[in-house]
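# Report on the structure
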Amino acid sequence: MSNKQFETEAVRTQIERTQFLEHSSPLYLTSSYVFEDAEDMRASFAEEKERNIYSRYSNPNTSEFVTKVCKMEGAEAGFAFASGMAAVYSTLAALLDSGDHILSAGNIFGSTHSLFTTIFPKWNISHSYFKIDDFDSVESLITSKTKLIYAESPTNPGVDVLDLEALGKIAKKHNLILVIDNCFASPYLQQPIKFGADLVIHSGTKLMDGQGRVLAGITVGNAELVDKIYRFSRITGPALSPFNAWVLSKSLETLAIRVDRHCENALKLAEFLEVHDKVNWVKYPFLKSHPMHEVAKKQMKAGGCVVAFEVKGGLVAGQKFFDAIELLSLSANLGDSRSIVTHPASTTHSKLTKEERLASGITDGMVRISVGLEHIDDIIADIKQALG
Ligand SMILES: *Cc1c(COP(=O)(O)O)cnc(C)c1O
């Protein structure tokens, strides 16, 4: 079975049924797998056959999850991790050597920034940032040591959009690996491989599970690169647990329908905020006012679940807004069925200096809303009363 529509693959991709002919995939809580005899044991370890040996390497539930995401992203292969950051770290650590240089978009997830600035320098892996609104500078920052280009689109938390096709062309021209963190879009809204990405990373914790239950990460893409990541990971052990993989495989069956509603609600909220007199600015990829609206429309099916805006009156007004929120959750997660409001400057991006935050558009009064699946009228009513 191949080349079915996205929704069909999401629902129907499944590991082989057992003798019980179960409809829904069983959960395989087993750390290891048995061998038939000495020859089977030898041949399995010699990788002469494709089979499960030990769940740090592979497990039927993680394989089901990986196969599903590969189909959704149009990828050749993948590996699943215990968290999104395990995916980011292991992917880059597997591919980079001492002396290599990462060229990254400046606006990235806080922990990814900390990985570049505090962990990788220990192994002499350097980075530089390009400004996402100065695309012409990207090529000038490539050095003889640059091995890969790294970016998110839309970005966390500012929902900036990068032209993936243009980035793909630059990567190809200079023979660099293009790695895209596609977490904010989910495979349903955007498939970066189509635009030239070699590898796509997701935090499964966000829209993929979509119900705030599990931590997970995944990297999919070019088979040769994924094989390197797999070999690095089967030694270092960041594998996803079978239980979380089982949860995620079920979650993905409803991804399309959930994300459609997330996007519908988010656009309505963004339109409401855009004309509110207590709001300085609103950013949402599918608002016409977004600086990269045309690019967003070209590469995304809809705008995603996150809306960023700034409350008039800076930090003090921002704090008042958060304290007045009643229905929505004050939390650091996103992509959940429950709407969540976050203050990036004091939470997810608090490890950055104020200058670093401002350079990536994170002001003190900025609010990030992950718009959930409650009725939009109730979401808007809560924000309206909190804005006062
Ligand atoms: C949350 C997030 C991550 C990290 O994922 P975890 O599952 O929390 O480790 C990476 N990138 C982006 C864009 C994220 O939003």
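Computed from a prediction, not measured in an experiment: that's the story for all the values here. (Residues numbered from 1 in each chain as written. Predicted model: local features only at pLDDT ≥ 70, side-chain atom pairs only at ≥ 80, totals over all residues. Heavy atoms only, no water.)

## Points about the site of the ligand
What counts is decided by this rule: We define proximity as follows: a residue is near a molecule or strand when any one of its heavy atoms falls within 4 Å of that partner. By the criterion applied in these results, polar contacts are pairs of N or O atoms within 3.5 Å in which, for protein atoms, one can donate a hydrogen and the other can accept it, and in which residues neighboring in sequence qualify only through two side-chain atoms. The method behind every accessible area is Shrake-Rupley, applied with a 1.4 Å probe, and residues are considered shielded solely by the protein chains displayed. Residues were grouped as follows: Ala, Val, Leu, Ile, Met, Phe, Trp, Tyr, Cys and Pro as nonpolar; Asp, Glu, Lys and Arg as charged; and all remaining residues, including Gly, as polar.
The immediate surroundings of the ligand are formed by 13 residues, with M85, D181, S203, T205 and K206 found nearest. In this structure, an oxygen atom belonging to the ligand sits 2.6 Å away from a side-chain N or O atom of T205. One nitrogen or oxygen atom from the side chain of K206 is found 2.7 Å from an oxygen atom belonging to the ligand. Summarising the interface, the protein chains cover 91% of the accessible area of the ligand, which totals 380 Å² for the free molecule. Classifying every residue of the shell around the ligand gives 5 nonpolar, 5 polar and 3 charged.

## Some remarks on the domain arrangement of the chain
Here is the rule: Where each domain starts and ends follows an automatic or database-derived domain assignment. Residues are treated as being in contact if the distance between any of their heavy atoms lies within 4.5 Å. By convention, the term buried area covers the 1.4 Å-probe accessible surface removed from two parts as they join, with the contributions of both added. Working definition: helices are DSSP H or I runs of at least four residues, strands are E runs of at least two. Numbering for both runs from the N terminus.
For the chain, the domain assignment lists domain 1 (6-252) and domain 2 (255-387). For domain 1 versus domain 2, the separation of C-alpha centres amounts to 26 Å. Opposite the 40 residues of domain 1 that make contact, domain 2 presents 39 residues. With both chains or domains summed, domain 1 and domain 2 bury close to 3,100 Å², and 62% of this area falls on carbon and sulfur atoms. Ranking the residues of domain 1 by area buried against domain 2 places P157, Y188 and L189 at the top, with a combined share of 22%. Summed over the shared surface of domain 1 and domain 2, the number is 20 residue pairs in polar contact (both at pLDDT 80 or more). If you list the elements that add at least two residues to the side of domain 1 that touches domain 2, you get α1 (6-12), α5 (110-119), α6 (164-173), α7 (186-189) and α9 (242-253). Counted by class, the side of domain 1 that touches domain 2 contains 19 nonpolar, 15 polar and 6 charged residues.

## Quick look at helix α10 (residues 255-274)
This is how it is decided: A helix is expected to span 1.5 Å multiplied by its residue count minus one. Between buried and exposed lies partly exposed: a residue is buried under 20% and exposed over 50% of the maximum accessible area for its type, with that area taken using a 1.4 Å probe on protein chains only.
Given a rise of 1.5 Å per residue, 20 residues ought to cover 28 Å, and the 28 Å separating the end C-alpha atoms of α10 matches this to within 8%. Residues of α10 that are buried include every one of L255, A256, R258, V259, H262, C263, N265, A266, L269, A270, F272 and L273, and no others.

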